[in-house]
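Reading the structure
Each chain is listed here by its residues.
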There are 2 protein chains.
Amino acid sequence: MAKLKLSVDPVSGMRDLLPRDVARRDYAINIVKHTFQLFGFLPIETPTMERLSTLQGKYGEEGEFLMYKVLKRGQKLEKAVDGTELADIGLRYDLTVPLARLMAGHQQDFLPVFKRYQIQPVYRAERPARGRYREFMQCDVDVVGLASLDAEAEVISAGAAALNALGFSDTDAYRMRINHRSVLKGLLDTAHVPSDLHATALVAIDKADKIGIEGVQQELQRRGISSASVTALSRFMSDLETETPMATQATRLADMLAQHPEGLQGVTELQTLALLLAEGPCQSRLRLDPFLARGMGYYTGPIYEIQFPDLTSSGGGGGRYDELLSLFTGKRIPACGFSLGLERILLIMEERDMFPDDLNRGPQVLVAQMDQDCAPYLHGMAHDLRKAQIRTDLFPEVGNLRRQFRYAEKHGIRYVLIAGSDEVAAAQVAIKDLVTGIQVAISRDQAAGHLQTQLQKAQAT
Amino acid sequence: MAKLKLSVDPVSGMRDLLPRDVARRDYAINIVKHTFQLFGFLPIETPTMERLSTLQGKYGEEGEFLMYKVLKRGQKLEKAVDGTELADIGLRYDLTVPLARLMAGHQQDFLPVFKRYQIQPVYRAERPARGRYREFMQCDVDVVGLASLDAEAEVISAGAAALNALGFSDTDAYRMRINHRSVLKGLLDTAHVPSDLHATALVAIDKADKIGIEGVQQELQRRGISSASVTALSRFMSDLETETPMATQATRLADMLAQHPEGLQGVTELQTLALLLAEGPCQSRLRLDPFLARGMGYYTGPIYEIQFPDLTSSGGGGGRYDELLSLFTGKRIPACGFSLGLERILLIMEERDMFPDDLNRGPQVLVAQMDQDCAPYLHGMAHDLRKAQIRTDLFPEVGNLRRQFRYAEKHGIRYVLIAGSDEVAAAQVAIKDLVTGIQVAISRDQAAGHLQTQLQKAQAT
């Protein structure tokens, strides 16, 4: 291997996770997993790679651009004639499309109703920003096979309960914003936006959080929406301020959509959904936000999103997608889901110091080494302690005792076990408590028991 | 979205994991993680993607071919002129090279000695076979910063302890085969194989498990090794049968390498290592296999591998790689590691029925729905049970009670909670035990407590 020095940073937009990061991430994921299990969801996992035919055409214009594609190999690559045929597989872009593909092959096992959770990373070549990475973890729950709003109530409640369990339990810690695709359609129709411009108008409206109403107005005009329509939409947006209580908001919206039966039906569904959620973990955090759009092309009914007060980007969300499965099954199978954006949640938990102090699962005892001849004895000693479920580090080199104490202190290890040739001959060890400075001599057989007692005492205080 | 039916199978060589698979995998990973923590290893995680400059030139000829490369995007792709410039990043091929890259950027935080574990999938475009997938989980421990054999003893012990904890505790459940790159070099030199043919000869010798000694002879000849050398190597291979006890094997080997100081030094190191492992979790499973080669190009010292009696491919292994980090740091930092091949281990555990029965974390109680007007009450009821840590499924649709009982039975749910308008008016519920058929009426407030008691009783019997 040549002696050239290689770049040491992770690929742009991706991260190395150090021990403290992994411990915190594991802590949060375990809480989310446990919560999803409390709601009766069962786990699945799907491959990192999917066929491009599975991925393409599901995520809108932006998705096509942000998707990672995997280069063909060997003869297949040689035969590829132009840029479009260089790849036939890509990286997982979300967890919903893979679920739809998997369900199609397992309808008999899982239907009529399947409630699944899935916690895996997804990949999008977005411009990196605070809390936005190109590889990020999603935590999804979905109910497949049900058209009823009870399914929405379950997935929204599961998302909210997970947030509450992570420590976002104050009423004002987050909002659960809900909307309905039919409400959006109703508002756009009522503002006389032509159907073929709905999609492009929604892209503009979706940016309201980031660029404000004025920004949206400009963006709408740039996208070819008439001035009259922009004015009408702007008036709706000011009149339907999102912090308005749910019931008032629904009444106002029903007035605006009085001439639009499909839109009115959307409002009624959101009111029913609010009723189902009233006693659940969402409680008073629910808000009807009639301009919430959500990017994914596959949503067909209610949509919902977590909003943290001090973050413009969402903490997760989801919606109903009753058409997606038919692409794989050839028949209509209703479904809806909720996805937690773990990276942003972790970021807030980090900033607000919401992690417990004792997540470190580092070593509790260090076995020191002073004499090469004693090495087999000390390796055996370490084995005894590990068998007794004590997290034990063996200083993996014979050397200066002071240096080994420093190593223990640096790693937060309180107890150091020491044995030289005298101790080995007598089948003894010395155990030093670096906090009290007290050192005791004890037989090898009793060392594990003694340390277990000390560790329990230390934990109790 | 167009109505065409898409392929529903996972990409070739990759798998969908269903709830039972995920539960078993989680069970095994938690045991491995816990064991690695007992040995004082700390967790890191690295991105799925790495620069091609990080990956290439580390895994030998085969690795270059099996590596997945990610297509450039947008302008960078347009500018790419030929096949070699279509990609500049690739998928993680193992966990060792990413560790080496990460260490270079964190020397001050972690050195002089860093013990890390890492459990993540890696990607290789190998021909799929039984227990061999293109995306597979590796569980690695490595000690960075130490040249001493204590480091090898720790990583080998951690690997063996994890296997033991998973249930491979019989002495004959597996062998831990060890060898040394210097021993291989000594044998090849002694058989007069020219240095520039060592690498190609090792590729042939590495296949002994799969193609037998005769197969290796043919392969050596095809690779340009002289007949005299092939005869010498074959004699060594017959004389050094791998089931020979460690001490006898070492003596024979020392005789053969009497004229080769470097080879002899390798034998001495293996004897020292055996001494350090004598009282550890490997115990009598250790075997000196002088023709164990291991594929990775970066190994420099002792190498080791788990062998299961009924599997030709290995269950994991590792070695010392004292040169790899210098590619990233510019200076020599010794290191060694051990990697468990989780997929093959899971396969054997599956075949031998080594998983506990109670891994299912599915719902314990079903809340049935008979009346749309009661839905908010029942959603609230489900919330009460979940707050009491009872895994609760809400039948997410109003309907026939018999159908809901069948749903409960199919999902192994013993208790069904029922409330119609009468129960709602009286703030009561009925709870039916599907095993005994007994149904009790109880106030809503007491339902969670009652079910907790029932579930504890059911678990105790």
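Note that the coordinates shown come from a computational prediction; the quantities given were computed from them, not determined experimentally.

Turning our attention to the overall build of chain A. Of the regular secondary structure elements, chain A holds 19 helices and 16 strands. Counting only C-alpha atoms, chain A reaches 95 × 60 × 50 Å along its principal axes. Here chain A holds 461 residues, and the buried ones make up 60% of them. Looking at chain A alone, contacts between residues at least 24 apart form 67% of all its contacts between residues at least 6 apart. Here chain A holds 53 positive side-chain charges and 58 negative ones, and the gap between their average locations is 4 Å.

All names here are of chain B. On inspection of all chains with the given rule, the structure shows 62 salt bridges over all chains. The partner of K185 in a salt bridge is D189, and the shortest N-O contact between them spans 3.3 Å. Remark: D189 and K185 occur in helix α8 (residues 181-190); sequence separation between them is four residues, near one turn of the helix. On the accessibility criterion, K185 (31% relative accessible area) is partly exposed. When the shortest N-O distance is used, the salt bridge between E305 and R294 registers 2.8 Å. Of the two residues, E305 sits in strand β9 (residues 302-307) while R294 sits in the loop between β8 (286-288) and β9, which places them eleven residues apart along the sequence.

Along a regular strand, successive side chains alternate from one face of the sheet to the other. All names here are of chain B. Most of strand β10 (residues 316-320) sits inside the fold, with five of its five residues counted as buried. The alternating pattern of β10 places G316, G318 and R320 and G317 and G319 on opposite faces, both of which are buried. Pairing between β9 and β10: three bridges, direction antiparallel. Looking at β10, one finds that Y304 is bridged to G318. The pairing of β10 with strand β11 (residues 335-341) spans five bridges and is antiparallel. Across the sheet, residue G319 finds its bridge partner in β11, namely G337.

Time to look at the sheet that holds strand β1 (residues 42-43) of chain B. Strands pair in a sheet through their backbones, by hydrogen bonds, and they do so in one of two ways: parallel or antiparallel. Residue and element names in this part refer to chain B. One open sheet holds the eight strands; their spatial order is β1-β5-β6-β11-β10-β9-β7-β8, and the pairing between them is mixed. Looking at strand neighbours, the two that pair on one side only are β1 and β8, the edges of this open sheet. Relative to strand β7 (residues 175-180), α8 is tilted by about 60°, and along the sheet it contacts β7 and β9.

Attention now goes to the sheet that holds strand β15 (residues 428-433) of chain B. Residues and elements named next belong to chain B. Judged by pairing direction, the sheet is mixed, and its five strands sit side by side in the order β13-β12-β14-β15-β16 without closing on themselves. The sheet is open, and its two edges are formed by β13 (392-394) and β16 (439-443), each paired on a single side. Sheet twist, expressed as the average angle between the axes of neighbouring strands with direction ignored, equals 25°. Strand direction decides the pairing type here: strand β14 (residues 415-418) and β15, joined by four bridges, are antiparallel.

Before going further, it helps to examine the packing of helix α8 (residues 181-190) of chain A against helix α9 (residues 198-205) of chain A. Two quantities define a packed helix pair, namely the angle between the axes and the distance from one axis to the other. All names here are of chain A. Interhelical geometry of α8 versus α9 gives an angle of 105° and a closest axis separation of 11 Å. Taken together, α8 and α9 sit at an angle that is classed as roughly perpendicular. From α8, L184, K185, L188 and D189 reach across to α9, where they touch H198, A201, L202 and I205. Classifying every residue of the contact of α8 with α9 gives five nonpolar, one polar and two charged.

Within the element layout of this structure, E50 of chain B appears in strand β2 (residues 49-51). Looking at E50 of chain B, its side chain comes within polar contact range of the side chain of R101 of chain B, at 2.7 Å. Apart from the residues lying within four places of it in its own chain, the contact partners of E50 of chain B are V11 of chain A together with L55, I89, G90, P98 and R101 of chain B.

Time to look at the interface of chain B and chain A. As a measure of interface size, the accessible area lost when the parts come together is often cited. Tallying the contact residues gives 111 residues for chain B and 112 residues for chain A. Here chain B and chain A share an interface that buries about 9,800 Å² over both sides, 60% of which is from carbon and sulfur atoms. There are ten salt bridges connecting chain B and chain A. Linking K115 of chain B and D393 of chain A is a salt bridge whose minimum nitrogen-to-oxygen distance equals 2.5 Å. Counting residues per element, the side of chain B that touches chain A draws most heavily on helix α1 (residues 19-38) of chain B, at eight residues. Along the lines of polarity and charge, the residues of the side of chain B that touches chain A split into 57 nonpolar, 24 polar and 30 charged.

Residues and elements named next belong to chain B. At a minimum axis separation of 9 Å, α1 and helix α7 (residues 149-166) run at an interaxial angle of 140°. Taken as axis vectors, α1 and α7 run oblique relative to one another. Note that α1 runs across α7; the crossing there is right-handed. Across from A28, I31, V32, T35 and F36 in α1, the residues of α7 making contact are A158, A161, A162, A165 and L166. A per-class count over the contact of α1 with α7 returns nine nonpolar, one polar and no charged.

With that settled, consider the packing of aromatic side chains. A complete count under the given rule lists 20 aromatic pairs over all chains for this structure. On the numbers, 5.1 Å between centres and 50° between planes, the contact of F168 of chain A with F308 of chain A is tilted. Taken together, the residues span a long stretch of sequence, with F168 of chain A in the loop between α7 (149-166) and β7 (175-180) and F308 of chain A in the loop between β9 (302-307) and β10 (316-320) at a distance of 140 residues. This pair shows no difference in class: F168 of chain A is buried, exactly as F308 of chain A is. With centroids separated by 4.0 Å and ring planes inclined at 5°, the aromatic side chains of F110 of chain B and F114 of chain B adopt a geometry described as stacked. In this structure F114 of chain B comes out as buried when scored by relative accessible area, which is 3%. Three or more aromatic residues joined by ring pairs make a cluster, and in this case those are Y59, Y93, Y298, Y299 and Y321 of chain A. Over the aromatic face of Y133 of chain B sits the side chain of R15 of chain B, whose NZ or CZ is 3.4 Å from the ring centroid. One Lys or Arg, R444 of chain B, reaches over the ring of Y377 of chain B and ends 5.0 Å from the middle of that ring.

For the pair chain B and chain A, the superposition axis carries a translation of 0.0 Å, the fit reaches an RMSD of 0.1 Å, and the rotation angle comes to 180°. Both chain copies can therefore be described as sitting about a two-fold axis. By C-alpha distance to the rotation axis, the residue of chain B lying nearest is V70 of chain B, at 2.2 Å. Same-surface contact between copies: 100% of interface residues of chain B are shared with the interface of chain A.

It is worth spelling out the confidence of the model for chain A at this point. On average, residues of chain A carry a pLDDT of 91, and 98% of them reach 70 or more. This complex was scored by the predictor with a pTM of 0.92 and an ipTM of 0.91.

A few words now on empty space enclosed by the protein. Enumeration according to the criterion identifies four cavities of 30 Å³ or more in this entry. Of the volumes computed, that of the largest cavity is approximately 60 Å³. What lines the largest cavity is G40, L42, V113, F114 and K115 of chain A together with P363, D393, Y407 and H411 of chain B. Taken together, the residues of the lining of the largest cavity sort by class into five nonpolar, two polar and two charged.

This brings us to the state of the cysteines. With the rule as written, the count across this model stands at zero disulfides over all chains. A disulfide-free cysteine, C139 of chain B has its sulfur positioned 17 Å from the sulfur of C282 of chain B, the nearest such atom.

Next up on the list: unusual backbone geometry. Phi is positive for A427 of chain A, close to 55°, though the residue is something other than glycine. Here A427 of chain A shows up in the loop between α18 (421-425) and β15 (428-433). Phi is positive for H192 of chain B, close to 60°, though the residue is something other than glycine. Taking relative accessible area as the criterion, H192 of chain B reaches 66% and is therefore assigned exposed.

Analysis parameters
Residue numbers run consecutively from 1 along every chain, following the written order of its sequence. To read the labels, note that chains go from A and ligands from 1, taken in the order they are written. Confidence filtering applies because this is a predicted model: local features only for residues at pLDDT of at least 70, side-chain atom pairs given and counted only at 80 or more, and all residues used for totals across whole chains, interfaces and linings. Side-chain metrics in this entry use all non-hydrogen atoms of the structure; hydrogen atoms and water are not considered. The helix and strand labels rest on DSSP assignments: H or I over at least four residues marks a helix, E over at least two residues marks a strand, and numbering proceeds from the N terminus. A simple rule labels every residue: compare its accessible area, found with a 1.4 Å probe on the protein chains alone, to the largest value its type can have, and call it buried under 20%, exposed over 50%, or partly exposed in between. Any two residues whose heavy atoms approach within 4.5 Å at even a single point are treated as in contact. Residues counted as positive are Lys and Arg, residues counted as negative are Asp and Glu, and His and the chain ends are not counted. Charged side chains are reduced to one point each, which is NZ for Lys, CZ for Arg, CG for Asp and CD for Glu. What makes a salt bridge here is a side-chain nitrogen of Lys or Arg within 4 Å of a carboxyl oxygen of Asp or Glu, nothing more. When DSSP finds two or more bridges between a pair of strands, those strands are recorded as paired. Axes here refer to lines fitted to C-alpha atoms; in helices the fit is confined to the stretch in contact. Angles between the N-to-C directions go from 0 to 180 degrees. Small angles under 35 degrees read as roughly parallel and large ones over 145 as roughly antiparallel, with 65 to 115 read as roughly perpendicular and the rest as oblique. Polarity classes work like this: nonpolar for Ala, Val, Leu, Ile, Met, Phe, Trp, Tyr, Cys and Pro, charged for Asp, Glu, Lys and Arg, and polar for all others, with Gly in that last group. Whenever two N or O atoms come within 3.5 Å, that pair is a polar contact, provided that in protein one can donate a hydrogen and the other can accept it, and provided that, for residues adjacent in sequence, both atoms are side-chain atoms. Buried surface area refers to the total accessible area, computed with a probe of radius 1.4 Å, that the two partners give up upon joining, counted for both partners together. Left-handed describes a crossing in which the near helix is turned anticlockwise from the far one by less than a right angle; the clockwise case is right-handed. Stacked, tilted and edge-to-face are the three classes assigned to paired rings of Phe, Tyr and Trp, where Trp is represented by its six-membered ring and a pair needs centres within 6.5 Å; plane angles under 30 degrees give stacked, over 60 edge-to-face, the rest tilted. In this scheme, Lys NZ or Arg CZ marks a charge over a ring once it lies within 6 Å of the ring centre and within 35 degrees of the ring normal. A least-squares fit on C-alpha atoms brings the copies together, and the residues used are those whose pLDDT is at least 70 in both copies. Confidence scores per residue from the predictor, reported as pLDDT, run from 0 to 100. We place a 1 Å grid over just the protein atoms. Points where a 1.4 Å probe fits but has no way out form a cavity, open points with protein on both sides within 12 Å along at least 5 of 7 lines form a pocket, and any residue with an atom within 4 Å of a point lines it. Grid points are joined across faces, edges and corners, and a volume is the space filled by probe spheres set on the points. Any two cysteine sulfur atoms lying within 2.5 Å of each other are counted as a disulfide.

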